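Observations on chain architecture
So the chains spell out like this:
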Amino acid sequence: MVVRELTGGIYFGQPRGFSTNDNGEEVGFNTEVYAPHEIDRIARIAFETARKRHGKLCSVDKANVLEASMLWRKRVTAIASEYPDIELSHMYVDNAAMQLVRNPKQFDTIVTNNIFGDILSDEASMITGSIGMLPSASLGESGPGLFEPIHGSAPDIAGQDKANPLATVLSAAMLLKYGLGEEKAAQRIETAVLDALIKGLRTGDVHSAGYKLVGCKEMGEEVLKSIEHKIPAAV
Ligand SMILES: NC(=O)c1ccc[n+]([C@@H]2O[C@H](COP(=O)([O-])OP(=O)(O)OC[C@H]3O[C@@H](n4cnc5c(N)ncnc54)[C@H](O)[C@@H]3O)[C@@H](O)[C@H]2O)c1
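Residues numbered from 1 in each chain as written. Predicted model: local features only at pLDDT ≥ 70, side-chain atom pairs only at ≥ 80, totals over all residues. Heavy atoms only, no water.

Remarks on the UniProt feature "domain: Isopropylmalate dehydrogenase-like" (unreviewed entry) in the protein
The cut-off we apply is this: UniProt positions are given in the numbering used here, feature names are shortened, and annotations may be inferred rather than shown by experiment. Counting from the N terminus, the helices are the DSSP runs of H or I reaching at least four residues and the strands are the DSSP runs of E reaching at least two.
Following the UniProt record, one finds the feature "domain: Isopropylmalate dehydrogenase-like" (unreviewed entry) at residues 1–223. Counted over residues 1–223, helix gives 42% and strand 17%. Its end C-alpha atoms are 22 Å apart.

Here it is in structure tokens:
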């Protein structure tokens with residue numbers, strides 16, 4: 001799980017713009033800036049998220065060169081005292097980019113700033129094989145959140161029964177788990193998705209030799225069957 005700060009940092013920081021340097025050249029500039037309340041807010045969400053997963057949080061920054069990252073690391077470390085049950089580590093972003101490819105299973109939950117999260121979340125998505133596999137949430141402090149697949153509307157395959165529905169299905173699980181605190185219901189959906197994959201069903205975007213190629217509709221029906229089969233609806 002990548003927890004990305006979404007409303008601050010270099011994408012919004014002031015000053016920004018174009019000007020002219022001492023040599024008369026046009027320059028473009030932006031500002032990476034974070035205040036403690038912005039870092040504390042996302043850090044708490046990340047610690048809470050790690051608590052719902054496997055209790056490990058890796059904070060990714062560039063504290064060896066960026067002052068904004070030095071403050072980031074200081075605040076995340078301070079907030080960690082509120083979460084003694086969570087194992088916190090820190091990693092520089094260049095190393096994190098490499099480690100995600102080398103051994104993604106070493107990570108449980110990652111928390112990072114806006115720009116690093118933008119890039120690392122896309123990198124992480126491809127570890128699963130397709131953007132059709134991953135859900136996302138945009139969370140405010142007091143909700144409601146926005147839960148959606150990480151992909152867009154896939155216009156090039158519209159109406160062809162080719163789209164992978166799992167990212168959208170898993171968005172509903174994320175809504176239940178992180179939006180409504182309904183962990184058991186979320187788990188039913190996640191288990192059903194896993195069942196369909198274990199059975200060897202694959203939509204075209206993640207299909208390879210040895211697996212059964214199915215369309216969007218069939219994949220959806222298989223997930224539904226698994227939900228109904230595993231736990232009676234009344235429970
Ligand atoms: N989070 C978002 O809201 C979001 C993200 C990306 C794009 N968009 C919007 O979606 C529209 C199309 O954008 P795009 O084509 O750049 O991105 P896209 O994510 O819709 O598609 C990119 C590629 O991935 C494939 N793809 C996407 N989802 C898939 C799925 N579930 N199963 C199989 N293949 C899948 C598409 O066929 C396409 O080849 C645009 O209007 C864009 O603004 C929205």
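Let's talk about helix α1 (residues 36–52)
The test is simple: The span one expects for a helix is its residue count, reduced by one, times 1.5 Å. Any residue under 20% of the maximum accessible area for its type is buried, any over 50% is exposed, and the rest in between are partly exposed; the area is computed with a 1.4 Å probe on protein chains only. Pairs of residues are marked as contacts when any of their non-hydrogen atoms sit within 4.5 Å.
For α1, which comprises 17 residues, the first-to-last C-alpha distance of 24 Å matches the rise-based estimate of 24 Å (1.5 Å per residue) to within 8%. The set of residues buried in α1 consists of Glu 38, Ile 39, Asp 40, Ile 42, Ala 43, Ala 46, Phe 47, Thr 49 and Ala 50. Residues of α1 that are buried in the fold lie against β1 (2–4), β4 (56–61), α2 (67–80), β5 (87–92), β6 (109–112) and α5 (166–179).

Brief notes about the pattern of salt bridges
For clarity, the cut-off: Should a side-chain nitrogen of Lys or Arg be within 4 Å of a carboxyl oxygen of Asp or Glu, the pair is scored as a salt bridge.
A full pass over the atoms with the stated rule returns 12 salt bridges. For Asp 61, the salt bridge is made with Arg 73, and the minimal N-O distance between the two is 2.9 Å. Taken together, the residues span a long stretch of sequence, with Asp 61 in strand β4 and Arg 73 in helix α2 at a distance of 12 residues. Among the charged side chains, a salt-bridge network with shared partners connects Lys 199, Glu 222 and Lys 225.

Observations concerning the nonpolar core
Put simply, the rule reads: Residues belong to a common nonpolar core when they are buried Ala, Val, Leu, Ile, Met, Phe, Trp, Tyr or Cys residues joined through side-chain atoms within 4.5 Å.
Grouped together as the largest cluster of nonpolar side chains are 17 residues, with contacts concentrated most on Leu 166, Val 193, Leu 197, Met 219 and Val 223. Listing elements by their share of this core, those giving two or more residues are α5, α6 (183–198) and α7 (216–230). Top element by residues in this core is α6. It accounts for six residues. Dropping the residues within four chain positions of it, Leu 166 is found in contact with Gly 132, Met 133, Val 193, Leu 197, Met 219 and Val 223. Membership of the second largest hydrophobic core comes to 16 residues, among which are Ile 39, Phe 47, Val 76 and Val 111.

Some words on the site of the ligand
Test applied: Here a residue counts as near a molecule or strand whenever at least one of its heavy atoms sits within 4 Å of it. Polar contact criterion, stated in full: a pair of N or O atoms within 3.5 Å, where within protein one must be able to donate a hydrogen and the other to accept it, and residues adjacent in sequence count only if both atoms are side-chain atoms.
Lining the immediate surroundings of the ligand are 14 residues, of which His 151, Gly 152, Ala 154, Asp 156 and Asn 164 lie closest. At a separation of 3.4 Å, an oxygen atom of the ligand approaches a polar side-chain atom of Glu 148. One of the backbone N or O atoms of Asn 164 is found 2.8 Å from a nitrogen atom in the ligand.

Describing the packing of aromatic side chains
The test is simple: Stacked, edge-to-face and tilted labels apply to pairs of Phe, Tyr and Trp rings (six-membered ring for Trp) whose centres lie within 6.5 Å, assigned for plane angles under 30 degrees, over 60, and everything in between, in that order.
The full count for this structure, using the stated rule, is two aromatic pairs. Considering the side-chain rings of Tyr 34 and Trp 72, the 5.4 Å spacing of their centres and the 70° angle between planes classify their relative orientation as edge-to-face. Of this pair, Tyr 34 sits in the loop between β3 (26–29) and α1 while Trp 72 sits in helix α2, placing them 38 residues apart in sequence. As far as the burial class goes, Tyr 34 and Trp 72 line up, both buried. A centroid spacing of 4.8 Å and a plane angle of 5° characterise the contact between Phe 47 and Tyr 83, whose relative ring orientation is stacked. Residue Phe 47 is located in helix α1, and its partner Tyr 83 is located in the loop between α2 and β5; the two are separated by 36 residues in the primary sequence. Of the two residues, Phe 47 and Tyr 83, neither departs from the other in class, the shared state being buried.

What to know about a nonpolar patch on the surface
Worth spelling out the cut-off: Each patch is assembled from residues with relative accessible area greater than 30% and no salt bridge, linking like charges that lie within 9 Å and nonpolar side chains (Val, Leu, Ile, Met, Phe, Trp, Tyr) that lie within 5 Å. To measure how exposed things are, a 1.4 Å probe is used in the Shrake-Rupley method; for residues, cover is taken only from the protein chains shown.
A contiguous nonpolar surface patch, about 250 Å² in accessible area, is contributed by Met 126, Ile 131 and Ile 150. Looking at where Ile 150 falls in the secondary structure, it is placed in the loop between β8 (146–149) and α5.

Considerations on the domain arrangement of the protein
Rules: How far each domain reaches was decided by an automatic or database domain assignment. What counts as buried area is the accessible surface, traced by a 1.4 Å probe, that two parts surrender upon association, with contributions from both included. When residues are grouped by polarity, Ala, Val, Leu, Ile, Met, Phe, Trp, Tyr, Cys and Pro land in nonpolar, Asp, Glu, Lys and Arg in charged, and all others, Gly among them, in polar.
Partitioning the protein into domains gives domain 1 (1–16 + 28–127) and domain 2 (130–235). Each side of the interface is counted separately: domain 1 has 10 residues, and domain 2 has 11 residues. Roughly 840 Å² is buried in total at the junction of domain 1 and domain 2, and carbon and sulfur atoms are behind 64% of that figure. On inspection of domain 1 and its partner domain 2, the count reaches zero salt bridges. At the junction of domain 1 with domain 2, the criterion picks out one residue pair in polar contact (both at pLDDT 80 or more). Among the secondary structure elements, those contributing two or more residues to the side of domain 1 that touches domain 2 are α1 and α4 (114–127). Broken down by class, the residue content of the side of domain 1 that touches domain 2 amounts to five nonpolar, two polar and three charged.

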